[in-house]
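An overview of the molecular structure
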Amino acid sequence: MSFFVTLALAASAIAAPGFQGFPAPPAGLSIPGPGAHTCSVSSAKLVLPAGQTALTAPTDPTSFVLLGVGYQNYTCSAAGAYASAGAVADLFDLSCLSKIAPIFNNIQDAAFAAWKVAPPSFKIGPSTMGYPLLGNHFFQPSPSGTGLSPVWDFRAGASKGNPDAFVLAARVANLPAPSGPTDVDWLQLKSVSGSLATQVYRTDTRGGVPPASCTPGSAPISLKYVSKYWLFGGSVKV
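Scope of this entry: the structure provided in the associated data block. (Residues numbered from 1 in each chain as written. Predicted model: local features only at pLDDT ≥ 70, side-chain atom pairs only at ≥ 80, totals over all residues. Heavy atoms only, no water.)

Attention now moves to the state of the cysteines. Scanning all chains against the criterion turns up two disulfides. Across a sulfur-sulfur distance of 1.9 Å, Cys-39 and Cys-96 are joined as a disulfide pair. For the disulfide bridge between Cys-39 and Cys-96, the dihedral angle about the S-S bond is near 85°, and by the sign convention the bridge is right-handed. Note that Cys-39 is positioned in the loop between helix H1 (3-11) and strand S1 (62-76) and Cys-96 in the loop between strand S2 (82-93) and helix H2 (101-104), a separation of 57 residues in sequence. Comparing Cys-39 with Cys-96 shows no difference in burial state: the two are buried. (Disulfide = S-S within 2.5 Å. Helix = DSSP H or I, 4+ residues; strand = E, 2+ residues; numbered from the N terminus. Buried < 20%, exposed > 50% of the residue type's maximum accessible area, 1.4 Å probe, protein only.)

Right, dumping it as structure tokens:
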């Protein structure tokens, strides 16, 4: 049985997070149709926190709902503060699970609980999760020539052979995580290039926040995090 299903069950208090002895999938869990990697996301709705004005609602239709599991990377500046050096994460499909709201709404908690205690030798990958590893999230040099830009990329995963199955995006706005200061910000981004999405949102974040200070010259650090990524307006089908 899959790591993904184990996490889902943990979120609904059916089972505890773990990496073996996996129970049966929850009743009502959908599966992708023949030849597809994902279920319909027509009923999956991004809900932003009430009362905030930093992030605006998406204007394009939902394309993908993903679980990102990976690391936020930081370097220590000469001023003794950690600066973001991007992130790396595997991106797993949540489309089928989105139809079971009580589990979908809390999957980030169960995923992070398991990810935090995973040994260094544990590798998340397509053989570990019950639903497809659609692609990867990483940063690359910005087209502007300054800094780094985030990328969500299916070209080596669910969309091999499609050179446009990615989105390189630019930040529009950020919102402190409603869950508290130990979790990285929620984000709204817009596409700069690629056909995977026109809009990207990072929500339901867990972990990834560095210490308040560091000793100049300290080695870079990588901190585990989990989030949901919502992609809207893409033309790529998987």
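And the narrative resumes.
Sheet strands line up and pair through hydrogen bonds in the backbone, either parallel or antiparallel. Reading around the barrel, the eight strands line up as S1-S2-S3-S4-S5-S6-S7-S8 and close back on themselves, with antiparallel pairing between neighbours. Along the sheet, successive strands turn relative to each other by an average axial angle of 30°, direction set aside. Sheet topology places strand S7 (residues 199-207) next to strand S8 (residues 221-232); seven bridges connect them, and they run antiparallel. Residue Gln-199 lies in a different strand from S8, and its bridge partner there is Phe-232. Set on the sheet, helix H3 (residues 107-117) makes contact with S1, S7 and S8; between it and S8 the angle comes to about 155°. (Pairing = 2+ DSSP bridges. Axes fitted to C-alpha atoms, helices over the stretch in contact; angles between N-to-C directions. Contact = heavy atoms within 4.5 Å.)

Before going further, it helps to spend a moment on the side chain of Gln-108. Counting through the fold element by element, Gln-108 comes out in helix H3. At 2.5 Å, the side chain of Gln-108 forms a polar contact with the side chain of Lys-228. Setting aside residues up to four positions removed in sequence, Gln-108 forms contacts with Asp-204, Arg-206, Val-226 and Lys-228. (Polar contact = N/O pair within 3.5 Å; in protein donor to acceptor, adjacent residues only side chain to side chain.)

Let's shift gears to the packing of aromatic side chains. Applying the stated rule across the entire model yields six aromatic pairs. Judged by centre distance (5.6 Å) and plane angle (70°), the ring pair of Trp-152 and Tyr-229 falls under edge-to-face. Pair noted here: Trp-152 is in strand S4 (residues 148-153) and Tyr-229 is in strand S8, with a separation of 77 residues, a long-range link. Residue Trp-152 is classed as buried on the basis of its relative accessible area of 2%. We classify Tyr-229 as buried; its relative accessible area is 1%. With centroids separated by 6.4 Å and ring planes inclined at 10°, the aromatic side chains of Trp-230 and Phe-232 adopt a geometry described as stacked. Each member of the pair, Trp-230 as well as Phe-232, is classed as buried. Grouped by ring-pair contacts, the aromatic residues Phe-104, Tyr-201, Trp-230 and Phe-232 constitute a single cluster. The ring of Phe-166 has Arg-155 lying over it, and the distance from NZ or CZ to the ring centre is 4.2 Å. Sitting over the face of the ring of Trp-115, Lys-224 holds its NZ or CZ atom 4.5 Å from the ring centroid. (Phe/Tyr/Trp six-rings, centres within 6.5 Å; stacked < 30°, edge-to-face > 60°. Lys NZ or Arg CZ within 6 Å of the ring centre and 35° of its normal.)

In a soluble, globular protein the nonpolar side chains are often hidden away together inside. By size, the foremost hydrophobic cluster in this structure holds 29 residues, and its most contacted members are Val-65, Leu-67, Leu-94, Val-226 and Trp-230. Elements with a minimum of two residues in this core: S1, H2, H3, strand S5 (166-175) and S8. It is H3 that provides the largest number of residues to this core, a total of four residues. Setting aside residues no more than four positions away along its own chain, Trp-230 makes contact with Ala-44, Lys-45, Leu-46, Thr-62, Phe-64, Val-65, Phe-104, Gln-199, Val-200, Tyr-201 and Thr-203. Core analysis: the second largest hydrophobic core is formed by 22 residues, Ala-89, Ala-158, Ala-169 and Ala-197 among them. (Core = buried A, V, L, I, M, F, W, Y, C linked by side-chain atoms within 4.5 Å.)

Let us look at the pairing of S1. Burial analysis of S1 places twelve of its 15 residues in the buried class, which makes it a mostly covered element. Sheet topology places S1 next to S8; twelve bridges connect them, and they run antiparallel. Of the residues in S8, the one forming a bridge with Tyr-71 is Lys-224.

Right, let's get into the environment of Asp-204. Within the fold, Asp-204 resides in strand S7. For Asp-204, a relative accessible area of 18% puts it in the buried group. Along the primary structure Asp-204 and Val-226 are separated by 22 residues, whereas in three dimensions their C-alpha atoms are 8.1 Å apart. Those residues in contact with Asp-204 that lie beyond four places of it in its chain are Gln-108, Trp-186, Val-226, Ser-227 and Lys-228.

The values are spatial; any link to function lies outside them.
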